[in-house]
Amino acid sequence: TDAASLVEYCKYPPLGTRSWGPYVALPQSGLTAAEYLRAANYETIVLAMIETRTALDAIDEILAVDGIDGVFVGPSDLSIALSAGQGIGPNSEPVLVALDLVVRMARAAGKYTGVFAETGDWARMAAGVGFDLIAVGNDSSLLMLAAHQELEIARRL
């Protein structure tokens, strides 16, 4: 399955087939290469993306895969899939129902839940639904927002 392949690609042997290359993580970890290799399989969290109807329908199977620590929802992508490409609606009823389902299923499996939130308000709503990990915005949108705010301050002079 795709979920089993994900685990295989994220974990080093003997749990997976990931190749060596922790060039960012290794210096930040404070560990030697040998220490990092011994610890990485236990410190790496594997979250399967839930962005399609197929993934949503198979969530119980995904959560049952050994090595999958949880799931991460892209609500805009999921909304496109659930609307058969008719629109983007991360606040649409089908997506909100799906978010609740994802949290309930993951909780029952003892796994983590994550979600992308475009705004702080959306993040607050996701926390209320019960998501464990919430990514608020992305680097480019947050930089653009900060730039607009600073320009507004400058224009008030």
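Given the structure is predicted, the values throughout are model-derived calculations rather than measurements.

J.: Explain the packing of aromatic side chains to me, please; I cannot follow it from the model alone.
T.: Given two aromatic rings, their pairing is described by the distance between the two centres and the angle made by the two planes. Evaluation of the coordinates by the stated rule reveals two aromatic pairs. Note on Tyr 12 and Trp 20: the rings are 5.7 Å apart at their centroids and 45 degrees apart in plane angle, and the pair reads as tilted. Since its relative accessible area comes to 2%, Tyr 12 is described here as buried. With centroids separated by 6.1 Å and ring planes inclined at 75 degrees, the aromatic side chains of Trp 20 and Tyr 36 adopt a geometry described as edge-to-face. Of this pair, Trp 20 sits in the loop between helix H1 (2-10) and helix H2 (25-29) while Tyr 36 sits in helix H3 (residues 33-43), and the two are 16 residues apart along the sequence.

J.: Teacher, can you tell me more about the layout of surface pockets here?
T.: One water molecule sets the probe size; rolling that probe over the atoms shows where empty space is left. Approximately 310 Å³ is the volume found for the largest pocket. Secondary structure elements with two or more residues in the lining of the largest pocket: H1, strand S1 (47-50), helix H4 (53-57) and helix H5 (59-64). Its residues assigned to classes, the lining of the largest pocket comprises nine nonpolar, three polar and two charged.

Conventions used here
- Residues numbered from 1 in each chain as written.
- Predicted model: local features only at pLDDT ≥ 70, side-chain atom pairs only at ≥ 80, totals over all residues.
- Heavy atoms only, no water.
- Phe/Tyr/Trp six-rings, centres within 6.5 Å; stacked < 30°, edge-to-face > 60°.
- Buried < 20%, exposed > 50% of the residue type's maximum accessible area, 1.4 Å probe, protein only.
- Helix = DSSP H or I, 4+ residues; strand = E, 2+ residues; numbered from the N terminus.
- 1 Å grid on protein atoms, 1.4 Å probe; cavity = no way out; pocket = protein on both sides within 12 Å on 5 of 7 lines; lining within 4 Å.
- Points joined across faces, edges and corners; volume = space filled by probe spheres on them.
- Nonpolar A, V, L, I, M, F, W, Y, C, P; charged D, E, K, R; others polar.

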